[in-house]
Amino acid sequence: MDSLALLALGATLLTGVLAVAGVHTYASGRAQRRALIDRLASPGPAPGLPAGRRRHFTAVDRRLRRTGPGHRLQLRLAATGLDLTPGEFLVYVLAAVAALWLLASSLLAPFFGPIAGLLGVLAANAFLDWQRQKRIEAFIGQLPELSRILANATSAGLALRTALSMAAEELDAPAGDELTTVTNQLAVGRSLDDALGELAERLPSRELVVLVTTLVLSNRAGGTIVSSLRNLTTTLEERKETRREVRTMLAEVNATAYTIPLLGLGAMLMMNSMSPGALDEVTGSPLGQVAMIVAVGLFAVGFTVIRRLGKIDV
């Protein structure tokens, strides 16, 4: 009987020790997994910024990236090249929306507070699109030089992967950063088709699609990649000049699109300063609120139409 009691006591102690060890192992693995996810999901430092910048709002960022919208926001931020985490961007946007809400309520009328907050959210989304398009334009401007480097490297007998690595070292951002990402993906075993295809998805443009298609087809079937790249370099130079001329001609149209909403805002500020409380009286009735919403909508339609008229794909 005593031996059975000792055996049961030993089994209980052993089970307790194994349970404690299991809980410790699980907690340690979970912490390591969370640290790995945080490190992999954090965007790389932007050029000119210190590599060890301390991140802010890490708790918000960790919770946000677990959601679908947070993951999509992380991809958009990565495409813009901004040194921001989704949590930092969300907090900054919320602070800007609150500031615009209070500013519009104090300068105009309380009715304009929600409208200003909504415009702040739309402006943040437009800022991401503008930053991404700016990065794409900068990358397109470097494509002729990239094509020339690849042509010279392949004509010297170097492999295409080596030529891409050489171009990543010689070119400035954003082409250098994007090609570094491609070469890192190739170093861990990804195929050239997948790495270049992902590059074309991150920075979509006709010029880059043509370059990627040329490189992929030459890598698959062989052929005269040197002559193809040299011809492509000349074509990209011509398209670069054409895009610059079109952008110069449309500068006045784009400036008009931004001037019209500013004129409306200036008119409301002038009316409220000349007759204090006028906007409060106008927006105090349902009819006045509807009229203001219609006016803001018309300004938004005018801005959108002018932007569409001034958008020409080359």
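Residues numbered from 1 in each chain as written. Predicted model: local features only at pLDDT ≥ 70, side-chain atom pairs only at ≥ 80, totals over all residues. Heavy atoms only, no water.

Engineer: I'd like a description of the overall build of the protein, backed by residues and values.
Structural biologist: Tallying secondary structure elements over the protein gives 13 helices and 0 strands in all. When the helices and strands of the protein are listed from N to C terminus, the series reads α-α-α-α-α-α-α-α-α-α-α-α-α. Relative to its full complement of 314 residues, the protein shows a buried share of 32%. Sequence separation of 24 or more characterises 67% of the internal contacts of the protein that already satisfy a separation of 6 or more. With the model as given, the accessible surface of the protein reaches about 19,100 Å², and the carbon-plus-sulfur share is 66%. (Helix = DSSP H or I, 4+ residues; strand = E, 2+ residues; numbered from the N terminus. Buried < 20%, exposed > 50% of the residue type's maximum accessible area, 1.4 Å probe, protein only. Contact = heavy atoms within 4.5 Å. Areas by Shrake-Rupley, 256 points an atom, 1.4 Å probe, with all protein chains shown as cover.)

Engineer: So what's going on with the packing of helix 5 (residues 112-155) against helix 10 (residues 225-249)? Which residues, and what values?
Structural biologist: Axis separation between helix 5 and helix 10 bottoms out at 9 Å; the angle between their running directions is 160°. Taken together, the axis directions place helix 5 and helix 10 in an arrangement best described as roughly antiparallel. Crossing of helix 5 against helix 10: the hand is left-handed. Residues E137, I140, G141, L143, P144, S147, R148, L150, A151, N152, T154 and S155 of helix 5 lie in contact with helix 10, whose contacting residues are I225, V226, L229, R230, L232, T233, L236, E237, K240, R243 and R247. (Axes fitted to C-alpha atoms, helices over the stretch in contact; angles between N-to-C directions. Parallel < 35°, antiparallel > 145°, perpendicular 65-115°, else oblique. Left-handed = near helix turned anticlockwise from the far one by under 90°.)

Engineer: Requested: an account of unusual backbone geometry, with residues and values cited.
Structural biologist: The omega torsion across A173 and P174 is 5°, close enough to zero to call that bond cis. Structurally, the position occupied by P174 is in the loop between helix 6 (160-170) and helix 7 (175-187). Although it is not a glycine, F57 adopts a positive phi angle of roughly 55°. Counting through the fold element by element, F57 comes out in the loop between helix 1 (2-41) and helix 2 (58-64).

Engineer: Got a sec to walk through the packing of aromatic side chains? Specific residues and values, please.
Structural biologist: For the structure shown, the criterion picks out 4 aromatic pairs. Taking 5.2 Å as the distance between ring centres and 70° as the angle between the ring planes, the aromatic pair formed by Y258 and F303 counts as edge-to-face. Of this pair, Y258 sits in helix 11 (residues 251-274) while F303 sits in helix 13 (residues 286-309), and the two are 45 residues apart along the sequence. In this structure Y258 comes out as partly exposed when scored by relative accessible area, which is 45%. (Phe/Tyr/Trp six-rings, centres within 6.5 Å; stacked < 30°, edge-to-face > 60°.)

Engineer: Break down the pattern of salt bridges for me, with residues and values.
Structural biologist: Scanning the model with the defined rule gives 13 salt bridges in all. R65 serves as the salt-bridge partner of D61, at 2.7 Å between the closest nitrogen and oxygen. An identical accessibility class is assigned to D61 and R65; each is buried. The shortest N-O distance in the salt bridge between E178 and R135 comes to 3.0 Å. (Salt bridge = Lys/Arg side-chain N within 4 Å of Asp/Glu carboxyl O.)

Engineer: Summarise the environment of A109; cite the residues concerned and give the values.
Structural biologist: Structurally, the position occupied by A109 is in the loop between helix 4 (86-107) and helix 5. On the basis of relative accessibility, which here comes to 0%, the residue A109 falls in the buried class. Separated by 170 residues in sequence, A109 and L279 have C-alpha atoms that sit 6.0 Å apart.

Engineer: Describe in detail the environment of Q133, supporting the description with residues and values.
Structural biologist: Relative to the helices and strands, Q133 is located in helix 5. Taking relative accessible area as the criterion, Q133 reaches 39% and is therefore assigned partly exposed. Taking the C-alpha atoms as reference points, Q133 and T80, 53 residues apart in sequence, are found 8.0 Å from one another.

Engineer: Residue-level account of the nonpolar core, with values.
Structural biologist: Counting 34 residues, the largest nonpolar core has L143, L146, L150, L179, L196, L199 and L215 as its most contacted members. If you list the elements that add at least two residues to this core, you get helix 5, helix 6, helix 7, helix 8 (192-202), helix 9 (206-221) and helix 10. Residue contributions to this core peak at 9 residues, all from helix 5. Leaving out residues up to four positions away in the same chain, L179 has contacts with L146, L164, A167, A168, L171 and L199. (Core = buried A, V, L, I, M, F, W, Y, C linked by side-chain atoms within 4.5 Å.)

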